[in-house]
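Residues per chain, in single letters:
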There are 2 protein chains.
Amino acid sequence: MKYPNVKGTRDFAPDILAKRKYILNIIESVFKKYGFLALETPALEQLDTLTGKYGDEGDKLLFKVLNSGDFASKVDDNIWSSKQSENIAKFISEKGLRYDLTVPLARFVATNRNDITFPFKRYQMQPVWRADRPQRGRYREFWQCDADILGSNTLINEAEILTIAVEIFKKLNIPIQISLNNRKILEAIAEKLGISEKFNLFTVLIDKLDKINFVDLSKDFENIGLSKDKIAELSKILSTQYFNKESINIILESLNNNANAQKGCDELLEILSFISLIEKFDANIKIDLSLARGLDYYTGCIIEIKCSTAKMGSIAGGGRYDNLTGVFGLPGVSGIGISFGIDRIYDIMEEMQLFNDVKTTDTKIVLCQFDKKGQLYNFKIAAMLRENGISCEVYPDLKKINKQLEYAEKKGIEYVIISGEEEINSQILSVKNLKSRIQEKIDVKNIISYFK
Amino acid sequence: MKYPNVKGTRDFAPDILAKRKYILNIIESVFKKYGFLALETPALEQLDTLTGKYGDEGDKLLFKVLNSGDFASKVDDNIWSSKQSENIAKFISEKGLRYDLTVPLARFVATNRNDITFPFKRYQMQPVWRADRPQRGRYREFWQCDADILGSNTLINEAEILTIAVEIFKKLNIPIQISLNNRKILEAIAEKLGISEKFNLFTVLIDKLDKINFVDLSKDFENIGLSKDKIAELSKILSTQYFNKESINIILESLNNNANAQKGCDELLEILSFISLIEKFDANIKIDLSLARGLDYYTGCIIEIKCSTAKMGSIAGGGRYDNLTGVFGLPGVSGIGISFGIDRIYDIMEEMQLFNDVKTTDTKIVLCQFDKKGQLYNFKIAAMLRENGISCEVYPDLKKINKQLEYAEKKGIEYVIISGEEEINSQILSVKNLKSRIQEKIDVKNIISYFK
C-alpha cells in the first residue's frame, strides 16, 4: 500500500520546516523593517484572471480545477464529442491555482484601489503551483517571497529593493553577486539591430543565454530577423562586462547615444548614486547587458542576484514594471518588485552548512517518571514551567527511563528532569543535562530561575 | 471589467492579515511551548489519498484538479460519450486539494514511520479547501490550526490538549466553555438502545442536535431503528447536564454500569484528575453526553470548545482516535488531536474588540523631504536607522509635504522626520510625533537612542 506525494510536491518534516522558517522569518523581518505590509491572496483564482498573463507556455502550466457537480452536462454535445481537451477545459473548469504572486497582487490593487494608501508597499510569502516537469530544484508546488512597491516611479525604490536584498542575504550569510540592467537599454539594442518589433521574442532569447550559449542560439536569433553580422555585433555588446559608473559611457557610445539607451543609463547611474550613500553596502553590483528576465511586463531596471560561491541559478530577481495593473483596468501605476526563491536559498544554505544554529524544537526539558505518581507530579511541574514561559514536555507514557531519555536525545532536547519517589517527597528535582552529562539537584522553588 | 475573487475565498488585506497573524502567532507559540513540532504538507494530494476518508458528503466537497495535457484522449470513448461526470472525473483528475490536515498527517506518519520519533507531537497551520456552499462564517478556502499527539494512548495527552486550549484562549482573551464527552459512553448508549450497528449514523444525528432540535430530528432517529419510547429515553439521557465528578456516577447508573460506559467514565475521571492539579486552569468543563462530533474516526474522549459570551458554533474541537493511520497501512497508532478554527476566532475577537492593540504596520517613522537633496539625505538616515533595527520608510516621491504626512497618518505611523536645507546643514533632525503633535529637534548623533 503506497500513498506517495503528488509528483513535484513535498512534505516539510519538522527539521526541514524549521530551516525554511528560519529563512522566511529573516526575509519577513527585513521586509517589515522597510515598511512593507503583509498581503495574502487565495490559492484559487478565476481562470479569467490567470490566463493570458504568463504567455502561451505559462497558460499550459496552469493547474485547473474541475467544476463541482455535473460538469459534463454543461458542455454542448458537439463540443463534448470532439474530445478536444483544450477547448473542453474552458467549459468544465473555471478556477485555477495561483501561478505567481504578481498577478494576484495586480488584481488586488486594481480591485481595491480606493481603499489602498499609495505608494503601496506589500510583501507576500505564499506557495504557487505550476504543472512544470519536476527536476532538481524545480517543484510543482513552491514558495515565492515577493516585495513590491506600487504607485511610485522614483528610483529611490530601486535602490531600496537592492538594499533589502543585500540585508537579507547578509543576514542569511550568503555571499552574492548582483546583476543590473535596464529594459530601455535592451530596447536601444533592439532598435540598433532593427528588430524593435520583435522585442519580446528578443528578450526571451537573451534570457536563455544564461543556460544556452550564443552559437547554439544563433538559429533562433536568425529566426527573429538578425543577420550573421548583426548576431556577431550583438554578441560583442552583450559579452562585455561593465563594472562601474565609467563603463556606462562605453555602453552609451556603443549604442550611438540612442535616446532609450540614454534614459536607461541615466536610471542606472541614479540608482548607483543612491547605493553609494550606504556605507555598509556589502555586495558587488555589475551592469550586465545580457540580463533580460523573461517576463514581458518589465519596462525599466531589472535585477538578478546569484550566490557568488555556488553553482546555481538566480536566487532573487525583479524589476520595474509600468503597467502591471493595466490589464485589470487600472492603468498608469508604476511599480517595482523583487522575488526571493527560498527553495534555492535553502539548497545553498544546506550545502554551505549555514543551518547549524537552527533548532528543530524549542523544548528545553523532558520530564520523565517511573510511575503514575511521578507523572502526575511532573504534569504539575510542567504547568509551572510553562506558565513561566519555559518550553517543556512530560513524557506521556510509563515506559522505561532509558526509553524516555532516548526520546529527549532524539528530539535534540537538552535537559531532562527525572521524578521518582525521593524527588517528590523532598521537593528537590533531579535535573540532568544530556549534553554535558552533568546531573544536579535543584530545589523546586528555584527551578524557574535555574532555567531562565 | 470585473475580476472577482473565487466564490468563498478571500484576500487578506494588510489590516486583516495583521490580526490573523496575531491569532496564529499566539496559537503557534503555545503549541511550541508544549513541545509540538511544525509540519507542512502539500496543498495537492493524490485523490486516492483523499477519497473515502470524509464520508460520501466529504467526497463530493473535494476540489479536483484537471489532469494536464490532453486529458480527454485518455478516457475510453464509451465512458466519455456517457457524459457521466462522476465516473469521467476519475479518468481526467488524479489530484485534489487538501480537505483537512488530519488525513495528510496520517499519510505522512504512515509513510515516514521509520524516521519519526514517537510519540510524535506535531502542529500544522495551513489552508484547506472544500467545495461547500459559502455562507456567513463558512468559506471554501479556510485555515485549520491542528495539534496532534500520535503514538501514545495515556490520558495525560487529553489533559495536555485541554491545557493548551485553555492557555491559547486565555492569551486571546476569549472566555470559553469546554464540553467533554467520550465516544465509549455514546457506544454504551447505542448498546442500551439496541442500535450498535448503526453507531456512525447515530453519532452523525447526535452531532446535528446542536443546530436542529430533538423533535425535528425524531424522524431521522426513527429511520435508524429507534421507537418513540427509545427516542424519549435518549432525549432524557442527553439533555441532563453533568458538571462535576459526582455526576459521572449518575451517568453510569443510567447506563446500567455498561462496560463501555464504565471505561468512558473512568477516562473522563482520569482526565479531570490531571486537570485538577493545575492551579490556574481558567475554564469551565462540562460533561455533555450530546456531544458527538461528526467524524467517524474518533474512538475515545471528544472535546468541543465554544466562546461563552458569543453566539457562535465551536471554535475548537478534537478528540482521541485509535486507528487514524490504519487506512494508510500503519495500524495500532493511537492519537489525539485538537483543531482551532481561526476564522470564527477572528470574528469573535472583532466583535469583542480584542484587536485594539494589533498594529498593521511595524514602521515607526516616515522620512519626508522637500527636494531631491533631502531625499538622498533621508535615504542615508534611513539606512542608519534600519541598521539599528528601527523600522522606517523614506517617502519615495517628491510630493507636497502635506501629502507625505497624510501617507504616514493613513498608515498609522507615529513619527515623521522632515528633512530640509536647514536640517541637512545643521545635522539636527526635525522629528514630529503625529499623535501628540509635538515637534522636536534631535541631533543626528542622538537619533538612534531617541527612538530606542
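Residues numbered from 1 in each chain as written. Chains lettered and ligands numbered in written order. Predicted model: local features only at pLDDT ≥ 70, side-chain atom pairs only at ≥ 80, totals over all residues. Heavy atoms only, no water.

Within a sheet, neighbouring strands are paired by backbone hydrogen bonds and run either parallel or antiparallel to one another. Reading across the sheet, the eight strands line up as 1-5-6-11-10-9-7-8 (chain A) and stay open at both edges, with mixed pairing between neighbours. On the outer flanks of this sheet lie strand 1 (37–38) and strand 8 (284–287) of chain A, each paired with one strand and no other. (Pairing = 2+ DSSP bridges. Helix = DSSP H or I, 4+ residues; strand = E, 2+ residues; numbered from the N terminus.)

If you look at the interface, chain A gives 108 residues, while chain B gives 108 residues. Its largest share of buried area at the contact with chain B, chain A owes to Tyr3, Lys83 and Phe379 of chain A, together 9% of the area lost on that side. On the surface where chain A and chain B come into contact, there are 16 salt bridges. A salt bridge links Lys21 of chain A to Glu28 of chain B; the nearest nitrogen and oxygen atoms lie 2.6 Å apart. Our count for the contact surface shared by chain A and chain B stands at 47 residue pairs in polar contact (both at pLDDT 80 or more). (Contact = heavy atoms within 4.5 Å. Buried area = accessible area lost by both parts, 1.4 Å probe. Salt bridge = Lys/Arg side-chain N within 4 Å of Asp/Glu carboxyl O. Polar contact = N/O pair within 3.5 Å; in protein donor to acceptor, adjacent residues only side chain to side chain.)

Going through the model one piece at a time under the given rule, you end up with 62 salt bridges over all chains. Between Lys184 of chain A and Glu267 of chain A there is a salt bridge, with the nearest N and O atoms lying 2.9 Å from each other. You can see Lys184 of chain A sitting in helix 8 (residues 183–193) and its partner Glu267 of chain A sitting in helix 13 (residues 259–275), a full 83 residues away along the chain. Salt-bridge contacts for Lys192 of chain B lead to Glu233 of chain B; the nearest nitrogen and oxygen are separated by 3.2 Å. Within this pair, whereas Lys192 of chain B is found in helix 8 (residues 183–193), its partner Glu233 of chain B is found in helix 11 (residues 228–239), the two being separated by 41 residues in sequence. Overall, Glu233 of chain B belongs to the partly exposed group, its relative accessible area being 29%. The structure contains a network of salt bridges with shared partners spanning Lys121 and Glu160 of chain A together with Arg386, Glu393 and Lys411 of chain B. (Buried < 20%, exposed > 50% of the residue type's maximum accessible area, 1.4 Å probe, protein only.)

All names here are of chain B. Residues of helix 10 (residues 214–223) that are buried include every one of Phe214, Leu217 and Phe221, and no others. When helix 10 is viewed along its axis, its buried side chains cluster within an angular range of 70° and face the same direction. Set apart from the buried face of helix 10 by more than 90 degrees, the exposed residues are Val215, Asp216, Lys219 and Asn223. For helix 10, the secondary structure elements touched by its buried residues are helix 9 (199–208) and helix 11. Structurally, the start of helix 10 carries an N-cap: the backbone nitrogen of Val215 is 3.1 Å from a side-chain oxygen of Asn213. (Arc of directions from axis to C-beta.)

Bringing unusual backbone geometry into the picture now. All names here are of chain A. Cis geometry marks the peptide bond from Phe118 to Pro119; its omega dihedral reads -10°. Examined against the element boundaries, Pro119 turns out to sit in the loop between helix 6 (102–111) and strand 5 (120–129). We note that Gln353 has phi near 55°; this positive angle belongs to a residue other than glycine. Secondary-structure assignment places Gln353 in the loop between helix 14 (342–351) and strand 12 (365–369). By relative accessible area, Gln353 is classed as exposed at 57%.

One turn of the α-helix equals 3.6 residues, which is why residues spaced by three or four share an orientation. Those residues of helix 16 (residues 401–410) of chain B not exposed but buried are Ile401, Gln404, Leu405, Tyr407 and Ala408 of chain B. One side of helix 16 of chain B carries all its buried residues, which in axial view fall inside an arc of 150°. Pointing more than 90 degrees away from the buried face of helix 16 of chain B are the exposed residues Asn402 and Lys410 of chain B. Packing partners of the buried residues in helix 16 of chain B comprise strand 5 of chain A together with strand 12 (365–369), strand 13 (392–394) and strand 14 (415–419) of chain B. Remark: Gly412 of chain B follows helix 16 of chain B within two positions and exhibits a positive phi of approximately 75°.

Copy one and copy two of the chain differ by a rotation about a common axis and a shift along it. Superposition of chain A onto chain B requires a rotation of 180° combined with a translation of 0.0 Å along the rotation axis, giving an RMSD of 0.0 Å. Those values place the two copies in the arrangement expected of a two-fold rotation axis. Residue Val65 of chain A, judged by its C-alpha, is the member of chain A lying nearest the rotation axis, at 2.2 Å. Same-surface contact between copies: 100% of interface residues of chain A are shared with the interface of chain B. (Least-squares fit on C-alpha atoms with pLDDT ≥ 70 in both.)

As a further point, take the nonpolar core. Judged by nonpolar contacts, the single largest core of 139 residues is most densely connected at Leu385 of chain A together with Ile189, Phe202, Phe221 and Phe340 of chain B. Of all the elements, helix 7 (residues 156–171) of chain B adds the most residues to this core, at nine residues. Sequence-distant contacts of Phe202 of chain B, that is, excluding residues within four places in its chain, are made with Leu186, Ile189, Ala190, Leu193, Ile195, Phe221, Ile224 and Leu234 of chain B. Ranked by size, the runner-up nonpolar core spans 138 residues in total, among them Ile195, Leu226, Ala283 and Ile303 of chain A. (Core = buried A, V, L, I, M, F, W, Y, C linked by side-chain atoms within 4.5 Å.)

Per-residue confidence for chain A averages 94 on the pLDDT scale, and 100% of its residues sit at or above 70. Complex prediction metrics read pTM 0.95 and ipTM 0.94. (pLDDT = per-residue confidence, 0-100.)

Residues and elements named next belong to chain B. Following both chains from N to C, one finds helix 7 and helix 13 (residues 259–275) inclined at 55°, their axes separated by 9 Å at the closest point. The angle between the axes of helix 7 and helix 13 places the two elements in the oblique class. The crossing of helix 7 and helix 13 is right-handed. Here helix 7 contributes Ile156, Glu158, Ala159, Leu162 and Thr163 to the contact with helix 13, which in turn contributes Ile271, Phe274 and Ile275. Grouping the amino acids of the contact of helix 7 with helix 13 by side-chain chemistry returns six nonpolar, one polar and one charged. (Axes fitted to C-alpha atoms, helices over the stretch in contact; angles between N-to-C directions. Parallel < 35°, antiparallel > 145°, perpendicular 65-115°, else oblique. Left-handed = near helix turned anticlockwise from the far one by under 90°. Nonpolar A, V, L, I, M, F, W, Y, C, P; charged D, E, K, R; others polar.)

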